[in-house]
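Examining the three-dimensional arrangement
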Amino acid sequence: MSVYYPPVQEHEDLIRAALRVIEGTHYGRPEDPHADAEQQYGQEQLALAARALVEAVNVKPADEQPVGWSKSAEGGVA
């Protein structure tokens, strides 16, 4: 088994989206009329980035996935 390295672009996109959500949650100005829309957009982008990372990891060969990621590698149902 090798060391897990996340898909670079998807990993960076996920971090970027998470930081955007944190920025809106902790540093957003409530008086901004677009604050709610920005927060909702940031959360949607975070969900999409997480989905893209999962899909990118699922495409990798089983020995390049994180330990316990694939049920089929453990003899379970795929």
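All of these numbers come straight from a predicted model, not from anything done at the bench.

When its secondary structure is counted, the protein chain shows two helices and zero strands. Expressed as a percentage of the 78 residues in the protein chain, the buried residues total 14%. Residue pairs in contact within the protein chain that sit at least 24 positions apart in sequence constitute 62% of those at least 6 positions apart. Summing over all exposed atoms, the protein chain offers an accessible surface of approximately 6,000 Å²; the carbon and sulfur share of this is 57%.

Let us now look at helix α2 (residues 35–59). Taking 1.5 Å of rise per residue, the 25 residues of α2 would be expected to cover 36 Å, and the 36 Å separating its terminal C-alpha atoms lies within 8% of that figure. Among all positions of α2, only Gly42, Ala49, Leu53, Ala56 and Val57 are buried. On its buried side, α2 packs onto α1 (8–27).

What follows deals with the pattern of salt bridges. Tallied over the full model, the rule gives three salt bridges. Across the pair arginine 29 and glutamate 31 runs a salt bridge whose closest N-O atoms are separated by 3.7 Å. Taking relative accessible area as the criterion, glutamate 31 reaches 60% and is therefore assigned exposed.

Next up on the list: the packing of α1 against α2. Following both chains from N to C, one finds α1 and α2 inclined at 160 degrees, their axes separated by 8 Å at the closest point. Considering the angle they form, α1 stands roughly antiparallel to α2. Considering how the two elements wind past one another, α1 and α2 form a crossing that is left-handed. In this structure, α1 contributes Glu10, His11, Asp13, Leu14, Ala17, Ala18, Arg20, Val21, Gly24 and Thr25 to the contact, and α2 contributes Glu38, Gln39, Tyr41, Gly42, Gln43, Gln45, Leu46, Ala49, Ala50, Ala52, Leu53 and Ala56. Residues that form the contact of α1 with α2 fall into these classes: 11 nonpolar, seven polar and four charged.

Across the protein chain, pLDDT averages 88, with 87% of residues at or above 70. Here residues 73–78 scores under 50 on pLDDT; set against residues more than four positions off or in separate chains, the count is five contacts.

What counts and what doesn't
Residues numbered from 1 in each chain as written. Predicted model: local features only at pLDDT ≥ 70, side-chain atom pairs only at ≥ 80, totals over all residues. Heavy atoms only, no water. Helix = DSSP H or I, 4+ residues; strand = E, 2+ residues; numbered from the N terminus. Buried < 20%, exposed > 50% of the residue type's maximum accessible area, 1.4 Å probe, protein only. Contact = heavy atoms within 4.5 Å. Areas by Shrake-Rupley, 256 points an atom, 1.4 Å probe, with all protein chains shown as cover. Expected span 1.5 Å × (residues − 1). Salt bridge = Lys/Arg side-chain N within 4 Å of Asp/Glu carboxyl O. Axes fitted to C-alpha atoms, helices over the stretch in contact; angles between N-to-C directions. Parallel < 35°, antiparallel > 145°, perpendicular 65-115°, else oblique. Left-handed = near helix turned anticlockwise from the far one by under 90°. Nonpolar A, V, L, I, M, F, W, Y, C, P; charged D, E, K, R; others polar. pLDDT = per-residue confidence, 0-100.

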